[in-house]
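The chain contents come next:
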There are 2 protein chains.
Amino acid sequence: MTEPLSADELERRLRAIGVERYHDKHPFHRRLHAGGLNRGQLQAWVLNRYYYQSRIPLKDAALLSRVDDRAFRREWIGRILDHDGESDDSGGIERWLVLAEGVGLDREKVMALDGVLPATRFAVDAYVRFVRDMPLLDAVASSLTELFAPQLHEARIAALLANYDFANERTLAYFRRRLSQAPRDVAFGLAFVRREARTRDQQEAAMAALRFKTDVLWAQLDALHFAYVEPGLIPPGAFVPADRRAGQPPLSA
Amino acid sequence: MTEPLSADELERRLRAIGVERYHDKHPFHRRLHAGGLNRGQLQAWVLNRYYYQSRIPLKDAALLSRVDDRAFRREWIGRILDHDGESDDSGGIERWLVLAEGVGLDREKVMALDGVLPATRFAVDAYVRFVRDMPLLDAVASSLTELFAPQLHEARIAALLANYDFANERTLAYFRRRLSQAPRDVAFGLAFVRREARTRDQQEAAMAALRFKTDVLWAQLDALHFAYVEPGLIPPGAFVPADRRAGQPPLSA
């Protein structure tokens, strides 16, 4: 049996996964921050990412449904409350809808998941199933992309404010709020993984789970890039930006 | 296709299921309320029912993980918060542990699920799986035994206070609190089933789900009765009351 890593070494390797594979390295993401997306591409990003946002409480409830420890549940349930809010006027999902309206999307159509790319659904649904079905340690480890999120959100707020007319404190409130929520959430998840991943096999599984999660995020940007940037081949049924609606090439072009 | 029932007729039939099959009719339950259980039998009831209590938040989280509607989730999440409480000193599970101590059980052993009957686990686990896997309408309908619970809890508080030394407002706080929680919860679930069970097939499925749930409750009392009353054949590994520990007949007797 291979020797287990120290908890510090495990954490170092988990953080290295972010350096190597987090979706801030994706070309689509670089364009987003550099101000290189047009309105339709921004809308496609916000719409597709809404699907991800809308599934997060279900993912967290699936995780909750597997936890025997009351103290753990009490901590984790805060994620669902953060996302759903206390009324339809509050919570992370609502803040994402405000962003959607800010980039010119219709709130009702977004909520109806009208035009979300199939590849977005496949990736996000794979994440929800992973959290529901895999060992609890793996499920928690898959949430650790939050280690990398605050830095990204900080950069994103600055980049979007600098580069896009729609950006203001109201439309970017989702990211601003996550700056304080994510570190609290991730501290709990990281401590759990450091403590519970005792054997080397468990540690490798935790790292694989985090890699899997970076794949889930990366695949979503691949799909956006393919459909809306290059080659720009929008799949049947998916959102078509206004500037592509006239003179749109047929799918076979 | 058979005509759907009116919502009122559906509700009437759901309530009739309680009259016919709710576990207050079980001989073990009648003994409990009549003061006919000895200390060991009471302990066995409280211990096994703890397993059910401990799974309820997991069942509710499994249901939550399937609900797209934020307003629904906001309502349902209250059940988990009620059970888990805001700290280890509050919540329904804690109140059940206070009851367990009241009947002379060791809190830690109860929480470790030491000696819970296998049949209790099978029945309760079947309930959690049902809620996780069946259509949402069926999952919600299976919660409607709460239609029958307040009346039972009211009678139980009076009966236990009259018949058992351990009973007082502190040890019975679980039931007292459910008198106000259950009607609020069930109003939401009943309205959902009345509204969403539109076809006759859906209505029959909702009734079958409620019957299934009454089976889950009934089977738990069957197992208690068999092991601790008549014939009193305690399965290997299950809780053995103090008065059965000396001169206990071998399992093959």
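See above for the structure.
Residues numbered from 1 in each chain as written. Chains lettered and ligands numbered in written order. Predicted model: local features only at pLDDT ≥ 70, side-chain atom pairs only at ≥ 80, totals over all residues. Heavy atoms only, no water.

(A) A look at the relation of the copies chain B and chain A. Mapping chain B onto chain A calls for a screw motion: a turn of 180 degrees about the axis and a shift of 0.0 Å along it, with 0.0 Å RMSD after fitting. Those values place the two copies in the arrangement expected of a two-fold rotation axis. Taking the C-alpha atom as reference, chain B places A61 of chain B closest to the rotation axis, 2.5 Å from it. A symmetric contact is evident, with 100% of the interface residues of chain B recurring at the interface of chain A. (Least-squares fit on C-alpha atoms with pLDDT ≥ 70 in both. Contact = heavy atoms within 4.5 Å.)

(B) Representation of the packing of aromatic side chains in the model. Throughout the structure, instances matching the rule amount to 28 aromatic pairs over all chains. Both rings, one in Y164 of chain A and one in F166 of chain A, keep their centres 5.7 Å apart while their planes meet at 45 degrees; by these two values the pair is tilted. Owing to a relative accessible area of 8%, Y164 of chain A belongs among the buried residues under this scheme. With a relative accessible area of 12%, F166 of chain A lands in the buried category. The rings of W45, W96, Y174 and F175 of chain A are connected pair by pair, giving a single aromatic cluster. Sitting over the ring of Y51 of chain A, R121 of chain A keeps its end group 5.1 Å from the ring centre. A cation sits over an aromatic face here: R79 of chain B above W76 of chain B, 3.8 Å from the ring centre. (Phe/Tyr/Trp six-rings, centres within 6.5 Å; stacked < 30°, edge-to-face > 60°. Buried < 20%, exposed > 50% of the residue type's maximum accessible area, 1.4 Å probe, protein only. Lys NZ or Arg CZ within 6 Å of the ring centre and 35° of its normal.)

As far as function goes, none of this settles anything; it's purely spatial.
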